[in-house]
Amino acid sequence: MEVTRVFDILDRLNAKFQKEDLLCSKENKQWKKNSTKDFLLYVNQVSNALLESGIKRGDKVAIVSNNRPEWNFVDYGCQQIDVVTVPIFPTISLADLKYILIESDVKMVFISGKDIYKKLALIEAEIPHVQSVVSFNPVDGIPHFDQFLEKGKSLSHQSEVEAIRTTIKPDDLFTILYTSGTTGFPKGVMLSHSNLVSNVISTRDMAPFASSWRALSFLPLNHVYERMVNTLYLYHGISIYYAEGLETIGDNLKEVCPQVFVSVPRLIERVYDRLLSAGEKLTGWKKKLFFNAVDLALTYDPRSISFGAKLKRKFHDVLIFSKWRQALGGNVVCMVSGGAALQPRLARVFQCAGILILEGYGLTETSPVISANCFLEDGICIGTVGLVIEGTTVKIADDGEILVKGPGVMLGYYKNENATREVIDEEGWFHTGDIGTFVEGRFLKITDRKKEIFKTSSGKYIAPLMIENKIKECRFVEQCCVVGEGEKFASALIVLSMDYVKEWCQKNQHDIPTPEAAVSHEGIRKEVSSFIREMNKSLAPYEQIKKQELISVPWTVEGGEMTPKLSMKRKVILKKHESELNRIFGGASSDEN
């Protein structure tokens, strides 16, 4: 059955995948399961209720909610009557929320609950075009989602729904996704049905997907990364279980036992750190065996593994790696990583443990996938973001920037032709802003962000991303930001991992300091400095980190230092830490290389 518009997946589901647990979420500590039949019924009820409420084709409807089945009911209900969805991060700032709702002329807003409604109430007078608000959770004073559905239960507008459906073209606009951005106001990326569908079709064979699989979903659905992958799951009839939140992922993995989930490197790093922490608590031969397995995994390369290493891996798999898989539910076939650069050591470790990480690359503007490691023969190269997907063309510009052409490239930025022309040139190439190269002539490798590369006062260019990934191999490091634009040398702002600080203090019989005291703790500072000195040996002299300042407070989305997909807002970080930067660059200078 051909899928050319996103909502065509509904017909595919109806014909091929009648399941009892297609879309599931936790309610009152129990998994509530929605069948394929439920999904199709709720989608039609949403479409009918929207029409009954006066929403017309071409209108905009916002969804500001956590991941849940209702998110999909509204999304597909809008799609099939040609209503454009505007998904928004639930953690969005008040200023950005107001900006998006005003610019996109949203007529109706679906929210998760009280927290979002409080924000809307503060800007109510400034968004008169918003005609109504509907909440998935009970909120006093506004309609609940069940009440909204009542308007569509009779399906009195179904003939109109079917008539609109037939006239929607693959190239029609179906959603506007506002990029979180690291500077300025967000830009609205316009995607057509064809944009997203082309991405689904091009990635449908990247893993041995099967309708018997379960997927755990926890990255925000309003970001194109999770949204496209959820669409891919539905294309294959895979059951989707929505995690209660980031803090419950560990428990949810054990409950759901999924075959697949997608993540960002930061969360994969945390999983690895917790595994190491569990190993540190072992004693005697068990501890030795555990870290022998880790040492093997850190050097593992499936493309050039010796016979001896294969035997060692089998031995450790029985005693160590099998327990790691059980911690992730026991059934994981693969994890997908994107949104930022993955440390190659993590890809090696998990692949050795039988948990394949398929690292990919893309942007909101490309729907999103441009390239990915995959299950095809010789389809994985650790340290790269994989093979360019079918139908997409990539070339490397003279300055190293990655340029893209293909069916996934956006229609443009909403109400912003100037910004569109800045990234899509006259020949139709989309300029990603990322610097990259090809390994073996076919595996794409990202080396840095074009805008993040900086130049020291000696004229040397520094690519911070690569150095930051090396620094994050230190277990004392939670987050880091390499700095030094216009200065004599490169340095780093480092946020301490208090989880590991506590572990290290207990192991070495130190009193556990507060976060504020930890940054000046002599032993901790010595450990970090020692790691930096050793790491510097692998860098060119001008790249080496000469000084570092330890930070006690983590950078967060709520604090404004991180985007919702956990990318650093460097300008915000630099502004917030002016005093630390003055200590680095305002005092005694380091030798210039």
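Structure first, text after, so check above.
Given the structure is predicted, the values throughout are model-derived calculations rather than measurements.

**Quick look at the sheet that holds strand β23 (residues 477-483)**
Taken together, the three strands give an open sheet; going across it, the order is β23-β24-β25, and neighbouring strands pair in mixed fashion. Strands at the two margins of the open sheet, each flanked by one partner only, are β23 and β25 (545-551). If you compare each strand with its neighbour and ignore which way they point, the axes differ by 25 degrees on average. Along the sheet, helix α16 (residues 464-471) makes contact with β23, β24 (490-496) and β25, crossing β23 at roughly 150 degrees.

**Quick word on a nonpolar patch on the surface**
Residues F315, V318 and L319 make up a contiguous nonpolar surface patch of about 280 Å² in total accessible area. Mapped onto the elements of the fold, V318 is located in helix α13 (residues 307-327). Judged by its relative accessible area of 58%, V318 falls in the exposed class.

**Some details on the packing of aromatic side chains**
All told, the structure shown has 17 aromatic pairs when counted by the stated rule. Measuring from ring centre to ring centre gives 5.1 Å for F136 and F145, while their planes differ by 80 degrees; the resulting arrangement is edge-to-face. For F136, a relative accessible area of 3% gives the class buried. Each ring, one from F290 and one from W324, has its centre 5.9 Å from the other, and the planes form 50 degrees; the classification is tilted. Of this pair, F290 sits in helix α12 (residues 284-298) while W324 is found in helix α13, placing the two residues 34 residues apart along the sequence. Accessibility assignment for this pair places F290 and W324 in one class, buried. What links up through ring pairs into an aromatic cluster is the set F39, Y42, F73 and Y76.

**A closer look at the side chain of K60**
By the element assignment, K60 lies in strand β3 (residues 60-64). No salt bridge is formed by the buried K60, whose closest oppositely charged neighbour, D105, lies at an N-O distance of 5.3 Å. For K60, the side chain forms a polar contact with the side chain of Y414, separated by 3.4 Å. Not counting the four nearest positions on each side in its chain, K60 is found in contact with V84, V86, S104, D105, V106, K107, M108, I176 and Y414.

**Let's talk about the nonpolar core**
In terms of nonpolar packing, the biggest core is built from 129 residues, with F39, L50, F110 and F145 touching the most fellow members. Per-element accounting of this core gives the leading share, eight residues, to helix α9 (residues 224-235). Beyond its immediate stretch of four places on either side in the chain, F145 contacts V46, E70, F73, V74, F110, V134, S135 and F136. If you look at the next biggest cluster of nonpolar residues, it comprises 27 residues, including I462, C474, V519 and M535.

**Some words on the environment of E244**
Note on placement: E244 falls in the loop between β10 (239-242) and α10 (249-256). Among the polar contacts listed, one links the side chain of E244 to the side chain of K26, at a separation of 3.4 Å. Side chain to side chain, E244 and N252 meet in a polar contact 2.9 Å long.

**Re helix α3 (residues 69-79)**
With eleven of its eleven residues buried, α3 lies for the most part within the structure. The complete set of buried residues in α3 reads P69, E70, W71, N72, F73, V74, D75, Y76, G77, C78 and Q79.

**Concerning the side chain of E478**
Along the polypeptide, E478 turns up in strand β23. Within the local environment of E478, its side chain forms a polar contact with the side chain of R266, the two groups lying 2.7 Å apart. Not counting residues within four places of it along the chain, the set of residues in contact with E478 comprises R266, R270, K472, V495, L496 and S497.

About the cut-offs
- Residues numbered from 1 in each chain as written.
- Predicted model: local features only at pLDDT ≥ 70, side-chain atom pairs only at ≥ 80, totals over all residues.
- Heavy atoms only, no water.
- Pairing = 2+ DSSP bridges.
- Helix = DSSP H or I, 4+ residues; strand = E, 2+ residues; numbered from the N terminus.
- Axes fitted to C-alpha atoms, helices over the stretch in contact; angles between N-to-C directions.
- Contact = heavy atoms within 4.5 Å.
- Patch = residues over 30% accessible without salt bridge, like charges linked within 9 Å, V, L, I, M, F, W, Y side chains within 5 Å.
- Areas by Shrake-Rupley, 256 points an atom, 1.4 Å probe, with all protein chains shown as cover.
- Salt bridge = Lys/Arg side-chain N within 4 Å of Asp/Glu carboxyl O.
- Buried < 20%, exposed > 50% of the residue type's maximum accessible area, 1.4 Å probe, protein only.
- Phe/Tyr/Trp six-rings, centres within 6.5 Å; stacked < 30°, edge-to-face > 60°.
- Lys, Arg positive; Asp, Glu negative; His and termini not counted.
- Polar contact = N/O pair within 3.5 Å; in protein donor to acceptor, adjacent residues only side chain to side chain.
- Core = buried A, V, L, I, M, F, W, Y, C linked by side-chain atoms within 4.5 Å.

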